[in-house]
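Residue strings, one per chain:
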Amino acid sequence: MSRKELAKAYEPWDVEKKWGTHWEDGKTFTPDPADPGDSYSIVIPPPNVTGVLHMGHALNLTLQDILCRFNRQQGKNVLWVPGTDHAGIATQNVVERQLKEEGKTRHDLGREAFIERVWEWKKEKGDHILSQIRRMGASVDWTRECFTFDEQRAKAVREVFVKLYEEGLIYKGDYIINWCNRCHTALADDEVEHEPRPGHLYHIKYPLADGSGHLIVATTRPETMLGDTAVAVNPEDDRFNHLIGKEAVLPLVGRKLPIIGDKYVDVEFGTGCLKVTPAHDMNDWELGRKHDLEILSILDEDGNVNENAPEKYRGLHKEEARTVICADLKNEGLLVDVAEHDHSVGACYRCKSVIEPHVSTQWFVSMKPLAEKARAAVPADTQIFPEHWTKTYYDWLDNIRDWCISRQIWWGHRIPAWTCEKCGELTVSMEDPSACSACGSKNIVQDEDVLDTWFSSALWPFSTMGWPDETPELAKYYPTSCLVTGFDILFFWVARMMMMGLQFMEQVPFHHVYIHALVRDEHGKKMSKSTGNVIDPLDMIDKYGADALRFTLTSFAAMGRDIKLSEQRIEGYKHFMNKIWNATRFAMMNLPDEIPSVDVTKADGLANQWILHRLEEVKAEVAGATKDYRFNEIAQTLYRFIWSEFCDWYLEMVKPALYGEDEAAKTQTQGVLWTVLSETLVLLHPVTPYITQEIWSVLPRPAGDDRADDIATLPYPEKRDGCLNPDAVKAMELFTGVVSGTRNIRTELLIEPAKKLDLLIRTVSDDDRAVLEANLGLIQSLARIETITIGPDVTAPKASGAAVVQGNELSVPLEGVVDFESELARLDKNLAKLEKTMKGVAGKLKNPGFVNNAPEAVVEGEKKKLAEMEEEKTKLSELKARLESVMG
């Protein structure tokens, strides 16, 4: 059989397609729960079916894949479950936009036909994000792919809803909720995005009912005054506490309002008097319940003024109503002042419309009993990394409100509750009822609402394992090992999974939670389409390959630190992929078809002993960094070892042995070279799966090596304590110091690279002398040296370039090598020319006419040019001083 070869250049695209198909078709990542090995499991944070892969997804997938591939190498039985989220509001909006283009609405189709239309869209477009996940090289088990709205997940959702209802933890009631006028649905607190916006603070005069004066209230929403049912003051505020128990008159309406006392009122904000509108403000709702106030809603679900307001304002949209009401207040002399005021405004996380607090009949989960167990489980059973997110997790659970889980849309898990139209009794059951559970009437109607998407997502760690059925997967892989996610869904998802896992499995859903940071642009700004700084991961894969992107993201994934990403960095790591490829090609040119059997623990020679020692250190460092989620250290350790040590030093040092006539030395070096290369590929594989698999598939093997052709199934390289050799490390430091020191003398004094030099080394110890003498030939070839003189009594001529390495003095005689007079003259000429140019640029920058009128980019360009010339001047001056000192 002919020997396999690597192509001349690494072209990732065909390689990625080939091995991606190979792994999926061969079910490489499909584990059997009955197989041996401790379990290691991860459930993928399910992306929305409407989603497109962004850089946050790419980072998340890369980190999860590193953990899964590494733990397979550790002999674990690894399951990584993929899937997507049905994304209720987002998916319904996509299909409704399609219908709008056809001149239709969902109501034209009716509920069943509309849902069928969404399923058709999902079948056609909904798996797009999964094909993008495949391109990242994610080693998920595609045979266990899940969907939050598939049959098994629907079964789990139904079971959880019914059980929570039966336990009194799900209830239906009137409550103030976050309402989106655009999406026409309720939103949970954590689906509302709060952001500062400029607004106004309106000061309005409320007359006292007894005619003795007035109060002035300050509000950011004058239109809601039509629903005021009280005015509140702080009982400790001496300005107003004497009015508690009296009444004020609501302007424009004439309704009498009780003046109540409550310490909630901030005496420092506004005027110290608060209008209380329980139906249109979350905090006022609580005041209303506390003081038994009337709940008067004056806005409908579209945000229009309803029949509870004076006829003049009915039908106006809330913004229009504000304008009209302010004009009327001004005409009556009741609008005292309008001041600019920045305040936090809640917006729908989907459509970005301003959220309206709205009193409505909704379904809720009682959260406090569930939250207590979820809080106690951290860090006892679940650890959060970085640890500082634990406080944020606690804060949210400590201040939790009941979770509004009903949504007024059609796409999603319909609430399994039926109301009897005869007796009004509610029936909640696992099976669709045919009659009322109380009176037996068949005239029952199912609730129109669907469950919040996050309800089904909260069950993901155990529903994906087959719950509520008792499955082998559930027994083997639950609790899962680690959840990798972004901080933005710590509340949406992580905390709720904790609650549901503890409630229904009586165990936490995961032992570790790793919160990764944001991927920002190279300047640290958040990526967004509006600013045009988005880096598309699929574009980067098309340009540079998945491995280059993965390695880039890993190298910057320091715990708790946002990633500053640029395309240039990804391109740079594509060069690293090429370096690995070319180093392998060199190795394969110097390896036989059958690798010789060599006991590397008995290897001799500085290069072999040193690289084997370093390999042992790298194995330990990579394993430790992976276990501790120090992802950036994995990449940086491997990069430094491969590029700076294996390629730059080891391969150069072993060329004489590989090219020479000493067969014993050649055989030993080939064995060491193969060992280091093959094990380094295994270390690299979790980060860069494609290139390592392609190389492994063609790498020659020792006789009797029956390891699989699939690197993804290979174990982590075992420790070889016999290869640890601190003496080799110390000797190598001296060796590289001498070679680098000599090279630096050549570079600093502008000596031609091809010119052979003489080297004198005055040693400080017999040990150092022995190391250098044992490696004379390597020093000569790597530093391009003609002759070397070594000893404790070596003296250097006056005109010499010098360096010191670990106390050993290096000298390169310069007589006949450097023409000092010509070189100094050349430097003087260059310095004079440079100073003249610098003077012109500096003058331009001192000219206000140029600085104030030229484009900013031009001014910055001149500043940069001047800084570069100053740096060049410094270097030339230092070189001149060095030459003068050498001349004496």
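Residues numbered from 1 in each chain as written. Predicted model: local features only at pLDDT ≥ 70, side-chain atom pairs only at ≥ 80, totals over all residues. Heavy atoms only, no water.

## Observations regarding the side chain of Arg153
Tracing the chain through its elements places Arg153 in helix α7 (residues 151–166). By relative accessible area, which is 8% here, Arg153 ends up buried. Here Ser463 takes part through its backbone oxygen, which lies 2.7 Å from a polar atom of the side chain of Arg153. The residues touching Arg153, leaving out its near neighbours within four places in the chain, are Cys146, Phe147, Thr148, His413, Ser463 and Thr464. (Helix = DSSP H or I, 4+ residues; strand = E, 2+ residues; numbered from the N terminus. Buried < 20%, exposed > 50% of the residue type's maximum accessible area, 1.4 Å probe, protein only. Polar contact = N/O pair within 3.5 Å; in protein donor to acceptor, adjacent residues only side chain to side chain. Contact = heavy atoms within 4.5 Å.)

## Notes on the nonpolar core
Among soluble globular proteins, nonpolar side chains are generally buried collectively. Counting residues in hydrophobic clusters, the biggest one holds 153 residues, and the most contacted among them are Phe646, Tyr650 and Phe735. Not counting residues within four places of it along the chain, the set of residues in contact with Phe735 comprises Leu606, Trp649, Met653, Asn775, Leu778, Ile779 and Leu782. Among the nonpolar cores identified, the runner-up in size contains 73 residues, and Phe161, Tyr478, Trp493 and Ile515 belong to it. (Core = buried A, V, L, I, M, F, W, Y, C linked by side-chain atoms within 4.5 Å.)

## Digging into the packing of aromatic side chains
Per the stated rule, a full pass over the model turns up 35 aromatic pairs. With 6.2 Å between their ring centres and 50° between their planes, Tyr393 and Tyr394 make a pair best called tilted. You'll find Tyr393 and Tyr394 in the same group, each marked buried. Measuring from ring centre to ring centre gives 4.6 Å for Phe576 and Tyr639, while their planes differ by 45°; the resulting arrangement is tilted. With Phe576 in helix α18 (residues 567–589) and Tyr639 in helix α20 (residues 631–659), the pair connects residues that are 63 residues apart, well separated along the chain. (Phe/Tyr/Trp six-rings, centres within 6.5 Å; stacked < 30°, edge-to-face > 60°.)

## Examining the sheet that holds strand β11 (residues 256–261)
Taken in spatial order, the four strands of this open sheet run β10-β11-β9-β12, and their pairing is mixed. Looking at strand neighbours, the two that pair on one side only are β10 (247–249) and β12 (273–276), the edges of this open sheet. Averaged over all pairs of adjacent strands, the angle between strand axes in this sheet comes to 35°, irrespective of strand direction. With three bridges connecting them, β10 and β11 associate as antiparallel partners. If you follow Val249 over to β11, its bridge partner there is Lys256. Docked against the sheet, helix α8 (residues 282–291) engages β11 and β12, running at close to 85° with respect to β12. (Pairing = 2+ DSSP bridges. Axes fitted to C-alpha atoms, helices over the stretch in contact; angles between N-to-C directions.)

## What about the sheet that holds strand β8 (residues 214–219)?
Read from one edge of the open sheet, three strands run β8-β7-β13, paired in antiparallel fashion. Each having just a single partner strand, β8 and β13 (335–348) make up the two edges of the open sheet. Ignoring strand direction, the axes of neighbouring strands in this sheet form an average angle of 20°.

## Some points on the pattern of salt bridges
Scanning the model with the defined rule gives 58 salt bridges in all. For Asp210, the salt bridge is made with Lys246, and the minimal N-O distance between the two is 3.6 Å. Placement of the pair is Asp210 in the loop between β7 (192–207) and β8 and Lys246 in the loop between β9 (230–233) and β10, with a sequence separation of 36 residues. According to the relative accessible area criterion, Asp210 is partly exposed, its value standing at 48%. In this structure, Asp452 and Arg496 form a salt bridge, with 4.0 Å as the shortest nitrogen-oxygen distance. Of this pair, Asp452 sits in the loop between β21 (450–451) and α12 (453–457) while Arg496 sits in helix α15 (residues 490–504); the two residues are 44 residues apart in sequence, bridging distant segments of the chain. Here Asp452 and Arg496 have matching classes, each one buried. What emerges from the salt-bridge pattern is a single network uniting Arg221, Glu223, Lys318, Arg322 and Glu356. (Salt bridge = Lys/Arg side-chain N within 4 Å of Asp/Glu carboxyl O.)

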